[in-house]
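# Coordinate inspection notes
One-letter residues, chain by chain:
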Amino acid sequence: MIIIPAIDLRQGKCVRLTQGRKDAVKVYDNDPVKIAEGFERDGAQILHVVDLDAAFSEPNSSNRHALREIIRSVNIPVQFGGGIRTVRDLEQVISLGVTWAVIGTAAVGSTETFKTIFRYGRQHIVVGIDAKDGQVVTHGWEKEATVSALILARRVAEIGVERIIYTDVQRDGMLTGPNIEQTCKIARESGLKITASGGVSSLEDLSRLKAVNECGIDSVIIGKALYEGRFTLREGLRGF
């Protein structure tokens with residue numbers, strides 16, 4: 001089980017949202033580079049960085065500057081998402097040094113558009129599936145799609161995607177524990193590798209995820225629990 005710490009960027013600052021609501025933002029640090037370097041020192045193998053402004057279709061160059069500086073400052077791979085909806089968007093983040101780009105909204109829209117993006121950067125692409133009550137939400141979780149998370153997972157698997165990040169929006173930032181049952185169902189029925197996201201609050205949650213990794217969950221993204229001091233990354237990595 002790989003533990004991946006998250007850095008969410010809003011106006012160049014390190015923040016967390018509650019259930020993805022942009023009106024429920026808490027700033028944790030004005031220096032995301034310092035946070036990234038700290039996670040690397042504590043043993044992180046991968047960083048998960050999100051441009052929340054771009055996800056909400058509110059481009060903010062300070063977030064891309066922060067991303068560039070994070071990549072320059074650490075020696076571990078960076079997985080990045082938020083507003084990547086065209087081949088040009090993908091080109092730009094790859095040119096900055098992003099190892100994996102998380103495609104969310106673009107994977108829900110036109111299948112042909114997504115196939116074009118996927119063909120261009122296949123080895124760099126992870127699909128983010130964000131869901132509320134099993135139904136996909138897009139555009140920074142502000143719009144509900146007409147497709148279920150399970151159907152979308154099967155659809156992108158048929159195209160050739162190998163990994164998705166599955167986020168239960170209702171649990172994200174709530175510290176109520178991950179939705180293990182639904183995440184496992186997505187993993188089993190799609191055959192994809194799954195990174196779990198949303199709700200992790202304790203070391204016990206990590207143990208519960210590790211106990212079901214045979215279903216296809218091999219990694220987990222953690223944000224608020226680390227920022228709120230529920231446990232440290234070093235503590236979380238013990239035994240994994």
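Our subject is the structure listed above.
Criteria and cut-off values
Residues numbered from 1 in each chain as written. Predicted model: local features only at pLDDT ≥ 70, side-chain atom pairs only at ≥ 80, totals over all residues. Heavy atoms only, no water. Phe/Tyr/Trp six-rings, centres within 6.5 Å; stacked < 30°, edge-to-face > 60°. Helix = DSSP H or I, 4+ residues; strand = E, 2+ residues; numbered from the N terminus. Buried < 20%, exposed > 50% of the residue type's maximum accessible area, 1.4 Å probe, protein only. Axes fitted to C-alpha atoms, helices over the stretch in contact; angles between N-to-C directions. Parallel < 35°, antiparallel > 145°, perpendicular 65-115°, else oblique. Left-handed = near helix turned anticlockwise from the far one by under 90°. Contact = heavy atoms within 4.5 Å. Nonpolar A, V, L, I, M, F, W, Y, C, P; charged D, E, K, R; others polar.

### Examining the packing of aromatic side chains
- What the rule picks out here adds up to three aromatic pairs.
- Ring geometry for phenylalanine 39 against tyrosine 227: centres 6.1 Å apart, planes inclined by 75 degrees, an arrangement best described as edge-to-face. Here phenylalanine 39 is found in helix H1 (residues 32–41), whereas its partner tyrosine 227 is found in helix H10 (residues 224–227), with 188 residues between them in sequence. The pair phenylalanine 39 / tyrosine 227 is uniform in exposure class, with both members buried.

### Quick look at the packing of helix H4 (residues 87–96) against helix H6 (residues 111–121)
- Closest axis-to-axis distance for the H4/H6 pair is 9 Å, and the angle between their directions is 30 degrees. In terms of orientation, H4 lies roughly parallel with respect to H6. Crossing geometry of H4 relative to H6 is assigned as right-handed. Residue-level contacts link Val87, Leu90, Glu91 and Ile94 of H4 to Thr116, Ile117, Tyr120 and Gly121 of H6.
- Among the residues forming the contact of H4 with H6, the class breakdown is five nonpolar, two polar and one charged.

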